[in-house]
Amino acid sequence: GMSVDMTLDALKGTAIVTIAYFGVYLAFIVNVLLTKYGAAKEAKRKNEAFDRYDMKNRDMLAADRIQINMLEQMPPILVLMWLEALFVSPKQANLLGALYVFFRAIYPITFAMADRKYGGLITLKNKIVYFSTMPQYAIIAWLALSIGNAMISGNLYFGTLMANGDLKEFKGVATVTLAYFSVYYGFIINVVTTKYAAAKKAKKRKEPFNRYDRKNRELLAADRAQLNTLEWMPVFVVILWLEAVFVSSEQAAYLGTIYVILRALYPLFYWLSDRKSGNISYLRNKIVGITTVPRYLIIIYMAFSVVAVCAV
């Protein structure tokens, strides 16, 4: 098998691409801070109250969107890039990862060009930003298909991940991870289609369309399904792989499969919850708990099993 040193040496390029990705993300966070301070200073000069979350402040909205969009895409690209490096080809992972970082870095430029051309950030006519986003989606899809092909064919790049660990052992967990990201992108597509449908209705009624209008319950539900998946993504993916590495890869794959199925059912129970209570945020409604509570228990179980093994 391949030694640990040789394995790590082959992954150096992937590590550099990862650091570059975080460098772009930190630059976007700095942009948010500078925009916020600039807006606060301008409000003070005009003797106006400053509301950091005022949706009418287009500069602040743009800075937030640039950072948050990168955040919501961060787990899929990083995990898939590293799975590609481990299971398929480090060189291919590095090339695709570097291209992804480039297209992510120009996202603010295309976003600003869109705003200048159409006079508003929230518009469906804008296609300039697609020069940045579409290649990113294509790279993620390519990585997912490439990894999936490796899982099916069994033609894996590295013989060993660690001195005593065979990568073939983690095929099931890698497949569960891919399934999870597939569900996540299904929710993103749902957000996009719901947004377009809402915009079309607004246009038909000759009303202004505000993508962030909290009164639109369908769009609110679509957003919540996607964001809830995102906010639990780091917890689930990390604990899933810790379970696979330190406890049992088969058990991790089994529990992970149940988790992904329950996650995929989340929008359905969210919709049933809304129909019953008439309010998406109605806390007393327990229908949505059918999909959420079992997932919490799975995460807690895996976390405790990892601690139990590592603490010995």
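Student: Sorry if this is basic, but what is going on with the side chain of R263 here?
Tutor: Its location among the elements puts R263 in helix α9 (residues 249–264). Buried and without a salt bridge, R263 has E231 as its closest oppositely charged side chain, separated by 6.8 Å. At a separation of 2.7 Å, a polar atom in the side chain of R263 contacts the side chain of N228.

Student: Help me understand the side chain of T14 in this model?
Tutor: The topology assignment puts T14 in helix α2 (residues 12–45). For T14, a relative accessible area of 0% corresponds to the buried category. Ignoring any residue separated from it by four or fewer positions in sequence, one finds T14 in contact with M81, W82, A85, P90 and N94.

Student: Whenever I open this one, a nonpolar patch on the surface confuses me. Can you help?
Tutor: Residues V238, L242, V245, F246, V247 and V309 make up a contiguous nonpolar surface patch of roughly 440 Å² in combined accessible area. If you tally residues by element for the nonpolar patch, the top one is helix α8 (residues 217–246), at 4 residues. Checked against the element boundaries, L242 lands in helix α8.

Cut-offs and rules
Residues numbered from 1 in each chain as written. Predicted model: local features only at pLDDT ≥ 70, side-chain atom pairs only at ≥ 80, totals over all residues. Heavy atoms only, no water. Helix = DSSP H or I, 4+ residues; strand = E, 2+ residues; numbered from the N terminus. Buried < 20%, exposed > 50% of the residue type's maximum accessible area, 1.4 Å probe, protein only. Lys, Arg positive; Asp, Glu negative; His and termini not counted. Salt bridge = Lys/Arg side-chain N within 4 Å of Asp/Glu carboxyl O. Polar contact = N/O pair within 3.5 Å; in protein donor to acceptor, adjacent residues only side chain to side chain. Contact = heavy atoms within 4.5 Å. Patch = residues over 30% accessible without salt bridge, like charges linked within 9 Å, V, L, I, M, F, W, Y side chains within 5 Å. Areas by Shrake-Rupley, 256 points an atom, 1.4 Å probe, with all protein chains shown as cover.

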